[in-house]
Amino acid sequence: MATTLVAGHVGAAGVTVAHVGDSRAYLFRDGALERLTADHSLVAALVERGRLHPAAARRHPLRSVIMRSLGPGPAADPEVTTVAAQPGDILMLCSDGLSNTLDDDAIARLLASTADLDAVVGRLAAAAVDADGRDDVSAVVALLG
Ligand SMILES: [Mn+2]
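Calculation criteria
- Residues numbered from 1 in each chain as written.
- Predicted model: local features only at pLDDT ≥ 70, side-chain atom pairs only at ≥ 80, totals over all residues.
- Heavy atoms only, no water.
- Helix = DSSP H or I, 4+ residues; strand = E, 2+ residues; numbered from the N terminus.
- Buried < 20%, exposed > 50% of the residue type's maximum accessible area, 1.4 Å probe, protein only.
- Contact = heavy atoms within 4.5 Å.
- Donors = N, O, S within 2.8 Å, 3.2 Å for Na, K, Ca; no water.
- Pairing = 2+ DSSP bridges.
- Axes fitted to C-alpha atoms, helices over the stretch in contact; angles between N-to-C directions.
- Core = buried A, V, L, I, M, F, W, Y, C linked by side-chain atoms within 4.5 Å.

*Asks:* Lay out the environment of arginine 49 in plain terms, naming residues and giving numbers.
*Replies:* Its place among the elements puts arginine 49 in the loop between helix H1 (42-48) and helix H2 (54-57). A relative accessible area of 60% means that arginine 49 is categorised as exposed. Sequence-wise, arginine 49 and alanine 75 are 26 residues apart; in three dimensions their C-alpha atoms are separated by 27 Å.

*Asks:* Run through unusual backbone geometry, naming residues and quoting values.
*Replies:* Note the cis peptide between glycine 71 and proline 72, where omega equals 0°. Its location among the elements puts proline 72 in the loop between H2 and strand E5 (79-83). Phi at aspartate 30 is positive, roughly 50°, even though this residue is not glycine. You can see aspartate 30 is positioned in the loop between strand E3 (24-29) and strand E4 (32-35).

*Asks:* I'd love a proper account of the environment of aspartate 77, names of residues and values included.
*Replies:* With respect to the secondary-structure elements, aspartate 77 resides in the loop between H2 and E5. A relative accessible area of 47% means that aspartate 77 is categorised as partly exposed. In the structure, aspartate 77 is positioned 56 residues away from glycine 21 in sequence and 9.6 Å away in space, judged by C-alpha atoms. In this structure, aspartate 77 is in contact with Val20 and Arg68, ignoring residues within four places of it in sequence.

*Asks:* Break down the coordination of the manganese ion for me, with residues and values.
*Replies:* Protein coordination of the manganese ion is provided by Asp96 (OD), Asp135 (OD) and Asp135 (OD), with donor distances spanning 2.1 to 2.8 Å. In this pair, aspartate 96 sits in helix H3 (residues 96-99) while aspartate 135 sits in the loop between helix H5 (117-131) and strand E7 (139-143), placing the two residues 39 residues apart along the sequence. The exposure class assigned to aspartate 135 is partly exposed, which follows from its relative accessible area of 33%.

*Asks:* Can you explain the sheet that holds E3? Please cite residues and give values.
*Replies:* Spatially, four strands are ordered E4-E3-E6-E7 in an open sheet, and the strand pairing comes out antiparallel. Edge positions in the sheet fall to E4 and E7, since each has one partner strand and no second. Sheet twist, expressed as the mean angle between neighbouring strand axes with direction ignored, is 20°. Bridge analysis of strand E6 (residues 90-94) against E7 gives five bridges, and the strand direction is antiparallel. Residue leucine 93 lies in a different strand from E7, and its bridge partner there is valine 140. Contacting E6 and E7, H5 crosses the sheet at an angle of about 150° to E7.

*Asks:* Which residues make up the nonpolar core, and what values do they have?
*Replies:* With 18 residues, the main nonpolar core has Met92, Leu98, Leu102, Ile107, Leu111 and Leu124 as its most contacted residues. Breaking this core down by element, the ones donating at least two residues are E3, E6, helix H4 (104-111) and H5. In terms of residues, this core owes the most to one element, H4, which gives five residues. When neighbours within four sequence positions are excluded, leucine 102 is seen to be in contact with Arg58, Ile107, Leu110, Leu124, Ala127 and Ala128. Listed in part, the 10 residues of the second largest apolar core include Leu27, Leu36, Leu91 and Leu144.

Next comes the structure, spelled out in structure tokens:
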């Protein structure tokens, strides 16, 4: 079987994110949400070519088709990105069960809803499950110091 991966490392150069597939990383700063990863998916390729509206991609019947994965073969082709970070930034890593269900405004609202990150990640998961509930939801939220 195959799966997706997103991983983050916080170091002197900033936040380095590696991903394969359609799991995502976001950086939340001063109320603004920035997506750090571009999905390796069929619908993302169609959006990039102007063939599909971004809002329609999240509901597309082929939205789960990914162009890169971990497995079934031994080779992986991760995309690695480093961005500058500052204290107070929030890094969020999540699976498509969250990002296909909650749009950027909803994610930003929940990230800003409390300083308690345990509560934030619970609210994100609950909102994603309430909105759809058909996919598993994974999310990691970290405050950068
Ligand atoms: Mn999923």
